Amino acid sequence: MTTHKTRMLIIGSGPAGLSAAIYGARAGMEPIVVQGIQPGGQLTITTDVENYPGFADVIQGPWLMEQMTKQAEHVGTRMVWDTITEVDLANGSPFTAKGDSGDLYVGDVVVIATGAAAKWLGVAGEAELGGKGVSACATCDGFFYRGKKVAVIGGGNTAVEEALYLTNHSNDVTLIHRRDSLRSEKILQDRLFANEKISTLWNKEVVRFVAAENGTLGHVELRDTVTGETSTLAVDGAFVAIGHAPSTELFAGKLETDASGYLQVEPGTPKTAIPGVFACGDVMDHTYRQAVTAAGTGCMAALDAERFLAERDFAAKVAVAVD
Ligand code: NDP
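The structure displayed is predicted, hence computed values, not measured ones.

Caption draft 1: The arrangement of the overall build of the protein in detail. Helix and strand content of the protein: six helices and 19 strands. Seen through its principal axes, the protein has C-alpha atoms that stretch 80 × 40 × 35 Å. A separation of at least 24 residues holds for 60% of the contacts in the protein among residues at least 6 apart in sequence. Counting only carbon and sulfur atoms, one obtains 51% of the accessible surface of the protein, whose full area is about 16100 Å². Charged side chains of the protein number 26 positive and 39 negative; the gap between the two group centres comes to 1 Å.

Caption draft 2: The arrangement of the packing of helix α4 (residues 157-166) against helix α5 (residues 186-194) in detail. Following both chains from N to C, one finds α4 and α5 inclined at 35 degrees, their axes separated by 10 Å at the closest point. Judged by the twist between their axes, the crossing of α4 over α5 is left-handed. The segment α4 lies against α5, with N157, V160, E161, A163 and L164 engaging L188, Q189, R191 and L192.

Caption draft 3: Structural context of the nonpolar core. Ranked by internal contacts, the top residues of the largest apolar core, which has 30 residues, are M8, I10, V109, V111 and F278. Residue assignment for this core shows that the elements contributing at least two residues are β1 (3-11), α1 (15-26), α2 (61-74), β8 (104-112) and α6 (291-322). If one sorts the elements of this core by residue count, α6 sits on top with seven residues. Formed by 23 residues, the second largest nonpolar core is a distinct cluster that contains V34, F95, A97 and I274.

Caption draft 4: Just the side chain of H169, in detail. As for its placement among the helices and strands, H169 is situated in the loop between α4 and β12 (172-176). Looking at H169, the relative accessible area reads 12%, which means it is buried. At a separation of 3.3 Å, a polar atom in the side chain of H169 contacts the side chain of Y165.

How each quantity is defined
- Residues numbered from 1 in each chain as written.
- Predicted model: local features only at pLDDT ≥ 70, side-chain atom pairs only at ≥ 80, totals over all residues.
- Heavy atoms only, no water.
- Helix = DSSP H or I, 4+ residues; strand = E, 2+ residues; numbered from the N terminus.
- Contact = heavy atoms within 4.5 Å.
- Areas by Shrake-Rupley, 256 points an atom, 1.4 Å probe, with all protein chains shown as cover.
- Lys, Arg positive; Asp, Glu negative; His and termini not counted.
- Charge placed at Lys NZ, Arg CZ, Asp CG, Glu CD.
- Axes fitted to C-alpha atoms, helices over the stretch in contact; angles between N-to-C directions.
- Left-handed = near helix turned anticlockwise from the far one by under 90°.
- Core = buried A, V, L, I, M, F, W, Y, C linked by side-chain atoms within 4.5 Å.
- Buried < 20%, exposed > 50% of the residue type's maximum accessible area, 1.4 Å probe, protein only.
- Polar contact = N/O pair within 3.5 Å; in protein donor to acceptor, adjacent residues only side chain to side chain.

Purely geometric stuff here, so don't read any function into it on its own.
In structure tokens, the structure reads:
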């Protein structure tokens, strides 16, 4: 077991964690970023990114995260391939955290940037057929459905982007949404409606995923949310794209969450109720949830962390001088 000590321990390596690292490293805090199970975060499982400022042409999500990681390293961040399994925030700074590797991490401040993970419908057949036709990531698994019939469930940006992406592999994509209008941005809706490979099923919810004889997904059972009528749709692949839930399990009982389960911070800041513990990105942002806003709050966390440490160090010096 190794003990890693740092001024700034960052948990999570998406845009929030890496932006905190870039600012923290440049402020001399020699950050350690514990990357977690999905290094680079959610952008590593997307394709085209055209709304992250600074790039006139479309860029790829994994490429953007690779660049952010290198940038963080170039200015002095240490990236660690480990996943935090336990944190101790109760005794104040310095805080300790345990990694899956058995290593111990000690940070004068902790920046929580654990992000969010895809939500599931929680209906019959979903878990059993996971990896056998049911997925929550078209960019990861879409390739397996080349020339097959697929469905996407949801009506937000993720669902529409996934449906559009799947047309690279399939000529028969159905978007299933529980209402009669989409929540996604207009530009994406325009592309969706203009795409002849995509059809939409309105006011339908999936009640069950059903296996074919070979054990993989055969069809979905649907219920009309207006009339209550049931129907079926034969598909080889179904992609659940109904949003994300913040990854807060590590902090249960240790930090407050809001009504939707996101970490609670002092409004307009990344400060949690524990001095020296900051939260940024999708784990604390129920409203905006964009890469650029995650990066912004990561920057704020680093600036506030720097202030926290400066004030603490100053107070310690004064205490010594008074003694
Ligand atoms: P959203 O929360 O925006 O949308 C979730 C969708 O799933 C909604 O249409 C919702 O329906 C539907 N839904 C939720 N629960 C269920 C359920 N149990 N059964 C059936 N349908 C359900 O999530 P997204 O992942 O799409 O987006 C999250 C955030 O990330 C947003 O802020 C989005 O703008 C952003 N994003 C941005 C992208 C970009 O800018 N390129 C790409 C992807 C995401 P209903 O509408 O009825 O509530």
